[in-house]
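One-letter residues, chain by chain:
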Amino acid sequence: MSEPKHTRIWRHSLLRHIALRLLWAIPTLIFISLITFATGELAPRDAATLRAGEKATKETIELIRKEMGLDRPFFVRYGEFMFGAARLDFGQSLFQPRTVNEILFQGLGYTAMLAGLAILLASIIGVFFGGLAAVWHDRWIDRLAVGFSTLGICIPSFVLAPILVYIFAVRLSVLPVMWSPNAAWDPLPYLVLPVFILSLRPAAIVTRLTRASMIDTLSQDFIRTAYAKGVPFWRVIFLHGFRNSLVPVVTAIGTSTGFLLTGSFILETFFGIPGLGLASIKAIQQSDYPVIQATVILFAVTFIVINLIVDLLLPLLDPRIRVGGAQ
């Protein structure tokens, strides 16, 4: 049996959308890499100056700059970097006896684990509290959820981190203060505070969006019709209210993942977690441009892929988007 015409049209539209997004990703990545490369070029001190030290002569700095290949024209070095990046070869670190790929591979697992656990926790907290606040609108639980989301958005992570470390690590001694070399065998106790702090802001945003979206959905005519037909309360909430409120929530979760990747820079540095954030901060302090550029490209690709996945999920959650795409 052949599939319906509108399904074929929607599938063709979806494939065309994916192809266009991937094509647009190419100039986006080129622009981001060019800006990153130019920013390093305009920095007051380059890697050769830092490696030579404060008391080095101009001749010594020029000699080191030549050894590091920094004396060649800007576009020659940029072209070599992009050619290598296209082959997933980001070259050698300027300050470490390792390739950039080895540095990225070592840190990627910790950053992915930190960001993944944080977005999972933020989604659970945000959807749960946002849903409760919408169902019992203008009750005490609604006011509690609004207060929690306000605090989550207002308190920055670099303020909350030392407060929670003082309470749970120093005073109560129930959690470790910093990352330890032995933490790789049992990382969960060392990730409790970083994951909770990192998840707080996206949890607050998801709570607000879930609450607003469900309040709007639960006030629609089809919800009143479901009640009038005798559909059970929780069935109306989950199958009709919650499901039709998911589109803005999923979009917020997707965009928050990008925030978590960049937000991990502060917390990885504070807790000493050897992820990409800590590696990037060290690279910025040393002007280790290959590591900086590779990290920026990696985060940009991750952000583009996550947004593409969110765009693909939305038509599955809301049939109206499929119909709109097919038309």
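Structure shown above.
Going along each chain's sequence as written, the residues are numbered from 1 onward. Selection of residues for local features in this predicted model requires a pLDDT of at least 70, selection of side-chain atom pairs for listing and counting requires 80 or more, and totals for whole chains, interfaces and linings are taken over all residues. Note that the side-chain values use all heavy atoms of the structure and ignore hydrogens as well as water.

Looking now at the side chain of Thr-207. Counting through the fold element by element, Thr-207 comes out in helix 8 (residues 188–218). Note on exposure labels: buried denotes an accessible area under 20% of the residue type's maximum, exposed denotes more than 50%, and partly exposed covers the range between, all computed with a 1.4 Å probe on protein chains only. Thr-207 gets classed as buried once you look at its relative accessible area, which sits at 2%. It only takes one pair of heavy atoms within 4.5 Å for two residues to be counted as in contact. Apart from the residues lying within four places of it in its own chain, the contact partners of Thr-207 are Ile-125, Gly-126, Phe-129, Gly-130, Ala-145, Phe-148 and Ser-149. Secondary structure elements follow DSSP: runs of H or I no shorter than four residues count as helices, runs of E no shorter than two count as strands, and numbering proceeds from the N terminus.

Let us now look at the environment of Ala-279. Relative to the elements of secondary structure, Ala-279 occurs in helix 12 (residues 276–286). The spacing of Ala-279 and Ile-153 is 126 residues in sequence and 27 Å in space, taken between C-alpha atoms. Once residues within four sequence positions are removed from consideration, Ala-279 is found in contact with Ile-103 and Val-291.

This part is about the packing of helix 7 (residues 157–171) against helix 8. Whenever a helix is involved, its axis is fitted only over the stretch in contact; in every case the axis is a line through C-alpha atoms, and angles between N-to-C directions fall within 0 to 180 degrees. With their axes 10 Å apart at the nearest point, helix 7 and helix 8 run at an angle of 145 degrees to one another. Two packed elements cross with a definite hand, and for helix 7 against helix 8 that hand is right-handed. Residues Ser-157, Leu-160, Ala-161, Leu-164, Val-165 and Phe-168 of helix 7 form the contact with helix 8, whose participating residues are Leu-193, Phe-196, Ile-197 and Leu-200. Residues are grouped as follows: nonpolar covers Ala, Val, Leu, Ile, Met, Phe, Trp, Tyr, Cys and Pro; charged covers Asp, Glu, Lys and Arg; every other residue, Gly included, is treated as polar. Considered class by class, the residues forming the contact of helix 7 with helix 8 number 9 nonpolar, 1 polar and no charged. Crossing handedness is read from the near helix: turned anticlockwise from the far helix by less than a right angle, it gives a left-handed crossing, and turned clockwise, a right-handed one.

Read these as geometric descriptors, not functional statements.
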